[in-house]
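# Observations on the three-dimensional arrangement
This is what each chain is made of:
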Amino acid sequence: ISKPKHPLIGLIKLEDISLTNHEPVNQIMNFYVISLKRCFDSKLKYGQNYYDFDEGILAFMEPGQIISSEKGQSQKHEGWWLVFHPDFIRNYSLSKTIKDYGFFSYAVNEALHLSEKEETMLINILKNIETEYNIAIDNFSQDVMISHLELFLNYSNRFYNRQFITRKTANDDLLVKME
């Protein structure tokens, strides 16, 4: 992966990454991760449960949480990986409201399934972030990227709520609190 263009946010196209010898790995990341994927055949463990990422397309992880991956067969992945440090949103209202997006929690171990239309909407927002990310940093760069990030999260929240209207929570509340 090439050096990031911004010190607190990174946007990676998974097609640009060549994976060789993808071995199982456990890691704790110190930043937020949003993964929009295609052709990903590894298993992800988020907390104590496996993340339902086989058929889903969008996954969210918050800083300080343990992520484990098992070896997959495919060396070619497609999609986007948006990562940002908590300091990136520190002086913005998003720093206070990000905890309201429940999909960053260990309690949600099911990936978001998107329709083609929903996926296109979110990819267009990522492309807007990419455009801003690739131009020189100025006094407005962070404001614009955070505005797009909030829009992305709001749409994701809408799509998650739509997905779980008819589903029950798989974990007992006590188990979730303990994890």
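Just so we're clear, the structure is a prediction, and the values are computed from it rather than from any experiment.

## Digging into the overall build of the protein chain
Scanning the protein chain from terminus to terminus reveals four helices and eight strands. Starting at the N terminus and ending at the C terminus, the protein chain contains elements arranged as β-β-β-β-β-β-β-β-α-α-α-α. For the protein chain, the proportion of its 179 residues judged to be buried stands at 42%. Pairs at least 24 apart in sequence give 81% of the contacts found in the protein chain among residues at least 6 apart. Counting only carbon and sulfur atoms, one obtains 51% of the accessible surface of the protein chain, whose full area is about 10400 Å².

## Some remarks on the packing of aromatic side chains
The full count for this structure, using the stated rule, is nine aromatic pairs. With a centroid separation of 5.9 Å and 25° between ring planes, the pair formed by tyrosine 155 and phenylalanine 159 is classed as stacked. Taken as a pair, tyrosine 155 and phenylalanine 159 lie in helix H3 (residues 141-164) at a separation of four residues, close to a single helical turn. Classification of tyrosine 155 as partly exposed rests on a relative accessible area of 24%. Here the aromatic cluster, defined as three or more aromatic residues joined through ring pairs, consists of Tyr32, Phe60, Phe84, Tyr101, Phe103, Phe104 and Tyr160.

## Quick look at empty space enclosed by the protein
The full count for this structure, using the stated rule, is one cavity of 30 Å³ or more. Taken together, His6, Glu132, Tyr133, Ile135, Ala136, Ile137, Ser141 and Met145 make up the lining of the largest cavity. Only helix H2 (116-134) and H3 provide two or more residues apiece to the lining of the largest cavity.

## A short note on the sheet that holds strand E3 (residues 32-38)
Note on sheets: strands pair through backbone hydrogen bonds, and any given pair is parallel or antiparallel. Reading across from one edge, E1-E8-E3-E6 is the order of the four strands in this open sheet, with antiparallel pairing throughout. Of all strands in the sheet, those bounded by a partner on one side alone are strand E1 (9-13) and strand E6 (58-61). Strand-to-strand, the axes of this sheet are offset by a mean angle of 10°, without reference to chain direction. Pairing geometry for E3 and E6, over four bridges, is antiparallel.

## As for the side chain of glutamate 132
Within the secondary structure, glutamate 132 sits in helix H2. In this structure glutamate 132 touches Phe140, Ser141, Val144 and Met145, once residues within four positions along its chain are discounted.

## Quick notes on the layout of surface pockets
Of the volumes computed, that of the second largest pocket is approximately 420 Å³. Taken together, 23 residues line the second largest pocket, and the ones lying closest to its centre are Ile1, Ser2, Leu11, Ile12 and Tyr133. Elements supplying a minimum of two residues to the lining of the second largest pocket: E1, strand E8 (78-84) and H2. In terms of residue count, the dominant contributor to the lining of the second largest pocket is E1 (five residues). When the residues that make up the lining of the second largest pocket are grouped by side-chain class, the tally is 13 nonpolar, five polar and five charged.

## Comments concerning H2
A rise of 1.5 Å per residue sets the reference length of H2, with its 19 residues, at 27 Å; its end C-alpha atoms lie 26 Å apart and thus fit the reference within 8%. Turning to H2, its buried residues are Glu118, Glu119, Leu122, Ile123, Ile125, Leu126, Ile129, Glu130, Glu132 and Tyr133.

## Re the pattern of salt bridges
In this structure the tally under the stated criterion is three salt bridges. A salt bridge links aspartate 87 to arginine 90, with the nearest nitrogen and oxygen atoms 2.5 Å apart. When the shortest N-O distance is used, the salt bridge between glutamate 118 and arginine 162 registers 2.8 Å. Residue glutamate 118 is located in helix H2, and its partner arginine 162 is located in helix H3; the two are separated by 44 residues in the primary sequence. When its relative accessible area of 37% is taken as the criterion, arginine 162 is described as partly exposed.

## Let's talk about the confidence of the model for the protein chain
When pLDDT is averaged along the protein chain, the result is 78, and 69% of the positions lie at 70 or above. Taken element by element, the predicted model of the protein chain shows its lowest mean pLDDT in helix H4 (residues 173-178) (52) and its highest in helix H1 (residues 94-97) (96).

The rules behind these values
- Residues numbered from 1 in each chain as written.
- Predicted model: local features only at pLDDT ≥ 70, side-chain atom pairs only at ≥ 80, totals over all residues.
- Heavy atoms only, no water.
- Helix = DSSP H or I, 4+ residues; strand = E, 2+ residues; numbered from the N terminus.
- Buried < 20%, exposed > 50% of the residue type's maximum accessible area, 1.4 Å probe, protein only.
- Contact = heavy atoms within 4.5 Å.
- Areas by Shrake-Rupley, 256 points an atom, 1.4 Å probe, with all protein chains shown as cover.
- Phe/Tyr/Trp six-rings, centres within 6.5 Å; stacked < 30°, edge-to-face > 60°.
- 1 Å grid on protein atoms, 1.4 Å probe; cavity = no way out; pocket = protein on both sides within 12 Å on 5 of 7 lines; lining within 4 Å.
- Points joined across faces, edges and corners; volume = space filled by probe spheres on them.
- Pairing = 2+ DSSP bridges.
- Axes fitted to C-alpha atoms, helices over the stretch in contact; angles between N-to-C directions.
- Nonpolar A, V, L, I, M, F, W, Y, C, P; charged D, E, K, R; others polar.
- Expected span 1.5 Å × (residues − 1).
- Salt bridge = Lys/Arg side-chain N within 4 Å of Asp/Glu carboxyl O.
- pLDDT = per-residue confidence, 0-100.

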